[in-house]
Amino acid sequence: MDCAKQFNERSGGLLNRTQYPSDVIALVVLWRLRYKLSLRDLAEMFLIRGFVFTYEAVRDWEAKLTPALAEELRRSRKGKVGRSWYCDETYIRVHGHWKYLYRAIDRDGALIDVMLSERRDLAAAKHFFRSAKAITGVTPDRVTTDRHDAYPRAIRTELGSRVSHRTNCYLNNRLEQDHRGVKGRCRPMLGFKSVPSASRYCRAHDELRNLLRSRFQMCQHVPAAVGRFHYMRRTAIALGILEAA
C-alpha cells in the first residue's frame, strides 16, 4: 500500500502546509516591512495578480517569518558597526497606549539595535545596552544620548566606565531624523494592537531598512545605477532568507 504522506522542500519549515508558493509569501512579507502598506492593502494588491488570500493570512505570515528574518540579519551585523553610538527612545502607540522604542545608530547611520519597552527606566536602558553590545560584538568609545537620568548609570554598568558619554541633544539630531522611518509606518498600518506584534515588526523593519540602505558613510554620494544594483541584490538576499525560513 502506497504511503499517503507527501514531502517537499518546505516540510518541517515555517511555511509547511501553506497553499501558496514560498516566493509569493516571501514577497508579501517583504512589502509589508518595506512599504507603508496595511494588511488589507497587500491582500488587494495580490488579488489583482490572481492570488486570493485574506488580510489575516498576511498577519499570520508576518508573525511566522519576520522573527527569522530579523535574527538572520542581526547575526550578519556582528562586528560591522562603528564605535560612536547615538541612542535615544521614541514613542510608539500600542493598543491606545504609548510605549517606548529604544533605538541606536552609529556615526554613519548603521543600525546598532532596536528594542520596544513598556517603561522608560534604568532596567530598560540596561537591557537595551546589554542587547546592543551582544548583537554587535562591539564596545563603543563614545555614546551620545539625551539627558535622561537612567543613561549614565546604564552605560557605566553595561558598557564600562571608560566609555565617553555625551548628553548634547543637538548632537542626536541624526537619530531623531532616523526615527521617521519606523514612525511613518504607524498611521497607514492603523497602529499596533499588542506589544509582541509591535516589537516584532519594529525590529524586522529596522533590520531590513538597514540592509537596503545604499550609503555606508554619512554624506556619501552613491550613483543611481549603483544604488539600484545594491537594492536589487540585497532584496534578493532578504527574499532568500524569508523563503528558507
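Residues numbered from 1 in each chain as written. Predicted model: local features only at pLDDT ≥ 70, side-chain atom pairs only at ≥ 80, totals over all residues. Heavy atoms only, no water.

Trainee: Would you explain the sheet that holds strand β3 (residues 111-117) in this entry?
Mentor: The strands that make up a sheet are held in pairs by hydrogen bonds between backbone atoms, and each pair lies either parallel or antiparallel. The strand order across the open sheet formed by five strands is β3-β2-β1-β4-β5, and the pairing between neighbours is mixed. One side of each edge strand has no neighbouring strand; the edge strands of this open sheet are β3 and β5 (164-166). Pairs of neighbouring strands in the sheet enclose a mean axial angle of 20°, with direction left out of account. For strand β2 (residues 97-106) and β3, the ladder comprises six bridges, and the chain directions are antiparallel. In the strand pairing of β3, alanine 104 is matched with aspartate 113. Against the sheet, helix α4 (residues 122-136) contacts β1 (84-94), β2, β3 and β4 (142-144), and its axis sits at roughly 145° relative to β3. Where helix α8 (residues 195-212) meets the sheet, it contacts β1, β2 and β3, and its direction lies at approximately 170° from that of β3. (Pairing = 2+ DSSP bridges. Helix = DSSP H or I, 4+ residues; strand = E, 2+ residues; numbered from the N terminus. Axes fitted to C-alpha atoms, helices over the stretch in contact; angles between N-to-C directions. Contact = heavy atoms within 4.5 Å.)

Trainee: How should I be thinking about the environment of alanine 125 in this particular structure?
Mentor: Here alanine 125 shows up in helix α4. Between the C-alpha atoms of alanine 125 and glutamate 158, which are 33 residues apart in sequence, the distance is 9.4 Å. Beyond its immediate sequence surroundings of up to four residues, alanine 125 is in contact with Tyr102, Ala150, Tyr151 and Ala154.

Trainee: Is there a simple way to explain the nonpolar core in this structure?
Mentor: The tendency in soluble globular proteins is for nonpolar side chains to be buried side by side. Grouped together as the largest cluster of nonpolar side chains are 43 residues, with contacts concentrated most on Phe53, Trp61 and Phe192. Elements supplying a minimum of two residues to this core: α1 (22-34), α2 (39-48), α3 (55-76), β1, β3, α8 and α9 (224-244). Excluding its chain neighbours within four sequence positions, the residues that come into contact with tryptophan 61 are Thr18, Tyr20, Ile25, Val28, Val29 and Phe53. Val81, Ala104, Ala154 and Val163 belong to the second-largest nonpolar core, a separate cluster that totals 20 residues. (Core = buried A, V, L, I, M, F, W, Y, C linked by side-chain atoms within 4.5 Å. Buried < 20%, exposed > 50% of the residue type's maximum accessible area, 1.4 Å probe, protein only.)

Trainee: Looking at this structure, how should I read the packing of α4 against helix α5 (residues 150-158)?
Mentor: If you want to describe how two helices pack, look at the angle between their axes and the distance between the axes. Axis separation between α4 and α5 bottoms out at 9 Å; the angle between their running directions is 40°. Relative to α5, α4 is oriented oblique. In this structure, α4 meets α5 at a crossing whose hand is right-handed. Across from Leu122, Ala125, Lys126, Phe129, Arg130 and Lys133 in α4, the residues of α5 making contact are Ala150, Tyr151, Arg153, Ala154, Ile155, Thr157 and Glu158. Of the residues contributing to the contact of α4 with α5, the split by class is seven nonpolar, one polar and five charged. (Parallel < 35°, antiparallel > 145°, perpendicular 65-115°, else oblique. Left-handed = near helix turned anticlockwise from the far one by under 90°. Nonpolar A, V, L, I, M, F, W, Y, C, P; charged D, E, K, R; others polar.)

Trainee: How do you make sense of the packing of aromatic side chains when you look at a structure like this?
Mentor: For any pair of aromatic rings, the description rests on two quantities: the centre-to-centre distance and the angle between the ring planes. For the structure shown, the criterion picks out twelve aromatic pairs. Residues tyrosine 91 and tyrosine 100 carry aromatic rings whose centres are separated by 5.4 Å and whose planes lie at 50° to one another, so their mutual orientation is tilted. A relative accessible area of 43% means that tyrosine 91 is categorised as partly exposed. Feature note: the residues Tyr20, Trp31, Phe46, Phe51, Phe53 and Trp61 constitute an aromatic cluster, connected by ring pairs. Stacked on the ring of tyrosine 55, the Lys or Arg arginine 40 has its end atom at 3.9 Å from the ring centre. We note arginine 174 situated over the ring of tyrosine 86; from NZ or CZ to the ring centre the distance is 4.6 Å. (Phe/Tyr/Trp six-rings, centres within 6.5 Å; stacked < 30°, edge-to-face > 60°. Lys NZ or Arg CZ within 6 Å of the ring centre and 35° of its normal.)

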